[in-house]
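Given next are the chains, with one letter for each unit.
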Amino acid sequence: MNSTINIGLLGLGTVGSGVVHIIDQHQDKLSHQVGCNVKVKKILVNHLDKERDVSLSDSPLTTNPDDVLNDPDIDVILEVMGGIDDARNYITQALENKKHIVTANKDLMAVYGNELLETAAMNQCDLFYEASVAGGIPILRSLVDGLASDRITKVMGIVNGTTNYILTKMSKEGRAYEEVLREAQNLGYAESDPTSDVEGIDAARKTAILGTLGFSMPIDLDDVTVAGISDVTTEDLVYSAQLGYTIKLIGLAERSDNKVEVSVQPTLFPHSHPLAAVNDEFNAVYVYGEAVGETMFYGPGAGKLPTATAVVSDLVEVMKNMRLGVNGNKSVVPQFEKQLKADEDIYSKYFLRLHAKDQPGTFSTLTSLFSNHHVSLEKILQLPLQDRDSAEIIMTTHKVSKKNYQQVLHELDELEVVDFIKSSYRVEGDD
Ligand code: NAP
Ligand code: HSE
């Protein structure tokens, strides 16, 4: 192995500049770990004349991808530019040129991960993507290596910092969704177009990756049922709290009998559950393994240095593999065929909030409907509304199949005593 390993960077934005900073500041530690120096040889950007907040004394910028992808002196490429089409093409080309890849790109890996991993394996190259899920938390490595001996049955994550920030502020300060979203945009947590975050798409991409690695099954983005937080109201948070719960946007992948369900949805947790205590922009991933039991990984899910730490740690692993001559040997092909659960196989508790006529017989009508579909109620709260003819009714169910529960919701909507179904969410962590 050479005394210096040259790397190329695709992108020098938030994460890329963090990577340059960490390589520069941690050079001693890196060379001690991998037995050689690390040099950033070239960096692909869009705008050559943009002001940069890192020192680039010996690392020329270029706008020509070939300068990085085809440089025979570059062994490892770190893709931190984002987007899908260019990133996919550049990574494919680099792998075919026998260059190892580290990427932070969850949008790409959630859709083309399996294709790229196969290309990497065919070319005896490493392709690592720790930073793509939960930024600075080493969760992918924990699933693949740390828990390698266990059989994981459940992965539940708060994997989107923007939505966790919004729900935390709504819950703790009683502020409305739109107001907190504006604040999150001003603070730079939420993007000017926040759709991907608030509608759960960003979390769905990360959850597809977590499920694929957790269960060694090729889970695609299309396999994830997705609901975001844009319909969650302060009333939902207040009434949930009265029943002892906090609402979080959760990416969930769960396996039983070798079938899986994968979803992103607002979910209630009892205040005592560790995920209920994850606030502001922080992320956490709860993993249940049959042997280890409950584990939880907590930390910053985004940001320049936390995300760059994950990228550079992947780089260290690539370089250790180079020293041992074992690149491309890590088993990446999923072990199991994917089998998704049907709605009748998905069991969960639910929270339901509705407005109903405050009159004799309302509760007996409601409970008959629940009973007809084998839905048993666990907690019930009724409060008068300002309009004295109606009542706010909040309840939680025992575990019920998703199929039966959907039928209940459908029939509730048709009942004359029900004015509105205000909200309904899954309940977890309360078994
Ligand atoms: P960013 O700040 O927008 O930076 C993107 C960089 O890539 C810029 O330097 C840009 O060049 C360059 N670039 C983009 N498209 C290019 C193209 N087609 N050709 C050449 N250069 C191109 O993005 P970021 O926040 O660092 O995110 C990078 C990746 O990390 C994304 O995949 C993102 O999802 C992922 N990630 C980010 C975070 C985070 O906290 N930001 C956390 C986890 C994962 P110019 O500078 O010249 O415009
Ligand atoms: N938009 C993401 C979040 C950034 O809010 O968590 C990290 O992927």
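Quick note: structure is the one above.
Residue positions are given per chain, counting from 1 as you read along its sequence in written order. Whichever chain is written first is A, and whichever ligand is written first is 1; the rest continue in order. Under the rules for a predicted model, residues below a pLDDT of 70 receive no local features and side-chain atom pairs below 80 are neither given nor counted, while totals for whole chains, interfaces and linings still include all residues. The basis for every side-chain value is the complete set of heavy atoms in the structure, and neither hydrogens nor water enter the calculation.

### Re the overall build of the protein chain
Here is step 1 of the chain: The way it works is that DSSP assigns letters per residue, a run of H or I at least four long becomes a helix, a run of E at least two long becomes a strand, and they are numbered from the N terminus. Each helix and strand counted, the protein chain has 14 helices and 17 strands in total.
Here is step 2 of the chain: As a reference, a globule follows 2.2 Å times the number of residues to the power 0.38, and the radius of gyration itself is taken over C-alpha atoms. For the protein chain, the C-alpha radius of gyration of 24 Å lies close to 22 Å, the compact-globule estimate for 431 residues.
Here is step 3 of the chain: Each of the three principal axes of the protein chain carries a C-alpha extent, and together these read 85 × 45 × 35 Å.
Here is step 4 of the chain: For every residue, the accessible area obtained with a 1.4 Å probe (protein chains only) is divided by the maximum for its type, and the residue is called buried under 20%, exposed over 50%, and partly exposed between those limits. The proportion of buried residues among the 431 residues of the protein chain is 53%.
Here is step 5 of the chain: Summing over all exposed atoms, the protein chain offers an accessible surface of approximately 18900 Å²; the carbon and sulfur share of this is 46%.
Here is step 6 of the chain: Positive residues here are Lys and Arg, negative ones are Asp and Glu, while His and the chain termini are left out of the count. One atom stands in for each charge, and that atom is NZ of Lys, CZ of Arg, CG of Asp or CD of Glu. Taking the average location of the 38 positive side-chain charges in the protein chain and that of its 63 negative ones, the two points are 4 Å from each other. In these tables, accessible area is a Shrake-Rupley quantity obtained with a 1.4 Å probe, and a residue counts as shielded only by the protein chains included in the view.

### Quick word on the site of ligand 2
Here is step 1 of the chain: Each residue is tested against the molecule or strand, and it is near if at least one of its non-hydrogen atoms lies within 4 Å. The local shell around ligand 2 consists of Lys 106, Asn 160, Gly 161, Thr 162, Asp 197, Asp 202, Lys 206, Gly 301 and Ala 302.
Here is step 2 of the chain: In protein, a polar contact requires one atom able to donate a hydrogen and another able to accept it; more generally it is a pair of N or O atoms within 3.5 Å, and residues adjacent in sequence count only if both atoms are side-chain atoms. Gly 161 is positioned such that a nitrogen or oxygen atom in its backbone is 2.8 Å from an oxygen atom of ligand 2.
Here is step 3 of the chain: The side chain of Lys 206 places a nitrogen or oxygen atom 2.9 Å from an oxygen atom of ligand 2.
Here is step 4 of the chain: Out of a free accessible area of 260 Å², ligand 2 has 82% covered by protein chains.
Here is step 5 of the chain: Among the elements of the structure, α7 (161–173) and α10 (201–215) are those that each provide at least two residues to the shell around ligand 2.
Here is step 6 of the chain: A per-class count over the shell around ligand 2 returns one nonpolar, four polar and four charged. All residues other than Ala, Val, Leu, Ile, Met, Phe, Trp, Tyr, Cys, Pro, Asp, Glu, Lys and Arg, Gly among them, are scored as polar; the first ten of these are nonpolar and the last four charged.

### Side note on the environment of Thr 119
Here is step 1 of the chain: For Thr 119, the position within the fold is in helix α5 (residues 106–122).
Here is step 2 of the chain: Take Thr 119: its relative accessible area is 10%, and that puts it in the buried class.
Here is step 3 of the chain: Sequence spacing of Thr 119 and Asp 66 is 53 residues, and the spatial spacing of their C-alpha atoms is 19 Å.
Here is step 4 of the chain: Contacts are assigned to residue pairs that have any heavy atoms within 4.5 Å of one another. In this structure Thr 119 touches Thr 92, Leu 95 and Glu 96, once residues within four positions along its chain are discounted.
Here is step 5 of the chain: Within the local environment of Thr 119, its side chain forms a polar contact with the backbone oxygen of Glu 115, the two atoms lying 3.0 Å apart.

### Thoughts on the site of ligand 1
Here is step 1 of the chain: The full set close to ligand 1 counts 22 residues, and Leu 12, Val 15, His 47, Arg 52 and Gly 303 are the nearest of them.
Here is step 2 of the chain: Leu 12 is positioned with one of its backbone polar atoms (N or O) 2.8 Å from an oxygen atom of ligand 1.
Here is step 3 of the chain: Within the backbone of His 47, one N or O atom sits 2.6 Å away from an oxygen atom of ligand 1.
Here is step 4 of the chain: Taken together, the residues of the shell around ligand 1 break down into nine nonpolar, nine polar and four charged.

### Considering unusual backbone geometry
Here is step 1 of the chain: Positive phi, close to 50°, is recorded for Asp 257, a residue that is not glycine.
Here is step 2 of the chain: As for its position among the elements, Asp 257 is in the loop between β9 (245–256) and β10 (259–270).
Here is step 3 of the chain: Residue classification places Asp 257 among the exposed residues on the basis of a relative accessible area of 72%.
Here is step 4 of the chain: In this model, Asp 280 sits at a positive phi of 55°, which is unusual for a non-glycine residue.
Here is step 5 of the chain: With respect to the helices, strands and loops of the structure, Asp 280 is situated in the loop between β10 and β11 (282–289).
Here is step 6 of the chain: You can call Asp 280 partly exposed: its relative accessible area is 26%.

### Things to note about the environment of Glu 378
Here is step 1 of the chain: Checked against the element boundaries, Glu 378 lands in strand β14 (residues 377–384).
Here is step 2 of the chain: You can call Glu 378 partly exposed: its relative accessible area is 29%.
Here is step 3 of the chain: Sequence separation between Glu 378 and Lys 399 is 21 residues, and the spatial gap between their C-alpha atoms is 9.3 Å.
Here is step 4 of the chain: Residues within four places of Glu 378 in sequence aside, it is in contact with Tyr 245, Lys 349, Thr 396, Thr 397, His 398 and Asp 430.
Here is step 5 of the chain: At a separation of 3.0 Å, a polar atom in the side chain of Glu 378 contacts the side chain of Lys 349.

### What about the pattern of salt bridges?
Here is step 1 of the chain: Every case where a carboxyl oxygen of Asp or Glu lies within 4 Å of a side-chain nitrogen of Lys or Arg is listed as a salt bridge. Evaluated as defined, the whole model comprises 29 salt bridges.
Here is step 2 of the chain: Measuring nitrogen to oxygen at the nearest pair gives 3.7 Å for the salt bridge that ties Arg 426 to Glu 254. Linking Arg 426 in strand β17 (residues 418–427) with Glu 254 in strand β9, this pair joins segments that are 172 residues apart in sequence. For the pair formed by Arg 426 and Glu 254, the shared burial category is buried.
Here is step 3 of the chain: Between Asp 343 and Lys 402 there is a salt bridge, with the nearest N and O atoms lying 3.8 Å from each other. Of the two residues, Asp 343 sits in the loop between α12 (304–324) and β13 (347–357) while Lys 402 sits in helix α14 (residues 402–414), which places them 59 residues apart along the sequence.
Here is step 4 of the chain: With relative accessibility at 34%, the residue Asp 343 sits in the partly exposed group.
Here is step 5 of the chain: Taking the relative accessible area as the measure of exposure, Lys 402 reaches 18% and is therefore buried.
Here is step 6 of the chain: Each of Lys 169, Glu 173, Arg 175, Glu 179, Glu 183 and Asp 280 takes part in a single network of salt bridges with overlapping partners.

Interpretation in functional terms is not warranted from these geometric data alone.
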